[in-house]
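Analysis of the macromolecular model
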Amino acid sequence: MLELASRLLAVIDAGGRVAVATVVAVDGSAPRALGTSMAVDAAGAVIGSISGGCVEGAVYDACVRVLETGRSELCEFGFSDDDAFAVGLACGGRLSVVVHELAPIAQRNALDSRVRQELEAAADGRAASLGLVVDDEGGRILAPGSAAEDPRLLREIDSARSSGVTRRRAVECDGEVVQLLLLASAPPPRMIVFGAVDFSAALASAATLLGYRVTVCDARPVFATAERFPQAEVVNRWPSDYLAETEVDERTVLCVLTHDDKFDVPLLTLALRLPVAYVGAMGSRRTHDRRLERLREAGLEEAELAVLHSPIGLDLGASSPEETAVSILAEVLQSRTRSSAAPLRETRGPIHRPAAEAESAAGPVSLEGRAG
């Protein structure tokens, strides 16, 4: 729901009603993640996608019903249904979906002011969170600070804002277990690309499509221009100086594409000691070996050097800047999910695994060798 915030608010602010369907449970190889939403307005227009096409028709029908009745619904699609194939979920998974109506002030199911605040925050790219109480009739939407609600539910919703992670929790309230879907929206993660080269332009463009807020940093103003990098913020600074001062976090991706020791060594000396998601550096294997020696001379330990993804990217046979961008982003994704990066035909089990399951299978995250 939060990922559709700006489009939902546009419909409601224009005086329209909208039915929002949200995935509240996923089992097996269902194609979309927990918390994904699709909406239908009163004119029948569709906003978003809930299953990559598998059950769109059935969810659309449920949204139309909710717009007619005003009553929320809990719908299930999947291998446990006799007509699973009929609704199109032939991939072997199961989805549970809750459908709600949202409407302007003074209409049936008018949007709560606190829920609106969270939608506005998500639309602006700020941290936001909502709670969806799930029951047999569908449930209700809550926001931090909602009146007359159990404080335990509100604490869970508020904590989701800081974590930025959508998840489902069972919360005990006055002896009753409440199923609560925590919807969270975080600001876009950062990708900082060092080096204003053609590979950087392709990477900035592709990373923007994946939702990163991209910065390109280069000390040479003649190369680092807004015209060359229209999708990115452009910074003319010495790379290590900029990295020392800019804001990074555990989701930040750092890509060093300069392959010039005078930039790379001080930059990587700092980068490999920061608590970021990924540090990669471009260069040949010979460049990589020489760079490692310089970094050892600069005082980095082997555990710190082990964090470095170099030569950057996965072995996909990439050659052009655009293909290299795919290779780099594939490695960034693999590093984040800790998947095998093997062809799916050589793997077993569900194709689409919840993040928590993937983390459990891969073991705990290690930040050994990083300070901060």
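See the structure shown above.
This write-up is about the structure you can find in this document. (Residues numbered from 1 in each chain as written. Predicted model: local features only at pLDDT ≥ 70, side-chain atom pairs only at ≥ 80, totals over all residues. Heavy atoms only, no water.)

Thoughts on helix 2 (residues 56-69)
The terminal C-alpha atoms of helix 2 lie 20 Å apart, and with 14 residues this matches the ideal 20 Å at 1.5 Å per residue to within 8%. For helix 2, the full list of buried residues reads Glu56, Val59, Ala62, Cys63, Val66 and Leu67. Across the axial projection of helix 2, the buried residues extend over an arc of 140°, all falling on one side. The inward-facing, buried residues of helix 2 contact strand 1 (18-27), strand 2 (37-41), strand 3 (46-48), strand 4 (73-78) and strand 5 (94-102). Positive backbone phi, at 80°, marks Gly70, one or two positions downstream of helix 2. (Helix = DSSP H or I, 4+ residues; strand = E, 2+ residues; numbered from the N terminus. Expected span 1.5 Å × (residues − 1). Buried < 20%, exposed > 50% of the residue type's maximum accessible area, 1.4 Å probe, protein only. Arc of directions from axis to C-beta. Contact = heavy atoms within 4.5 Å.)

Topic: the side chain of Thr252
Mapped onto the elements, Thr252 comes out in the loop between helix 7 (239-245) and strand 13 (253-256). Leave out the neighbours within four places in its chain, and Thr252 touches Arg190, Ile192, Val276, Ala277 and Tyr278.

A look at the pairing of strand 1
Burial analysis of strand 1 places seven of its 10 residues in the buried class, the great majority of the element. With five bridges connecting them, strand 1 and strand 2 associate as antiparallel partners. Bridging from a neighbouring strand, Val18 pairs with Asp41 of strand 2. (Pairing = 2+ DSSP bridges.)

Considerations on the pattern of salt bridges
As enumerated under the stated definition, the model contains 22 salt bridges in all. The closest approach of N and O atoms between Arg116 and Asp13, which form a salt bridge, is 2.9 Å. Of this pair, Arg116 sits in helix 4 (residues 113-123) while Asp13 is found in helix 1 (residues 5-13), placing the two residues 103 residues apart along the sequence. Here Arg169 ties to Glu156 by a salt bridge, and the two come within 3.2 Å at their closest N and O atoms. Remark: Glu156 occurs in helix 5 (residues 151-163) and Arg169 occurs in strand 8 (residues 167-173); sequence separation between them is 13 residues. A relative accessible area of 17% means that Glu156 is categorised as buried. Each member of the salt-bridge network shares a partner with another, and the members are Asp13, Arg116 and Glu120. (Salt bridge = Lys/Arg side-chain N within 4 Å of Asp/Glu carboxyl O.)

Focus on the sheet that holds strand 1
Read across the sheet, five strands follow the order 3-2-1-5-4 without closing on themselves; strand pairing throughout is antiparallel. Each edge of the open sheet is held by one strand with a lone partner, namely strand 3 and strand 4. The average angle at which neighbouring strand axes cross in this sheet is 25°, direction not considered. As paired strands, strand 2 and strand 3 are joined by three bridges and run antiparallel to one another. When the bridges of strand 3 are listed, Met38 appears paired with Gly48. (Axes fitted to C-alpha atoms, helices over the stretch in contact; angles between N-to-C directions.)

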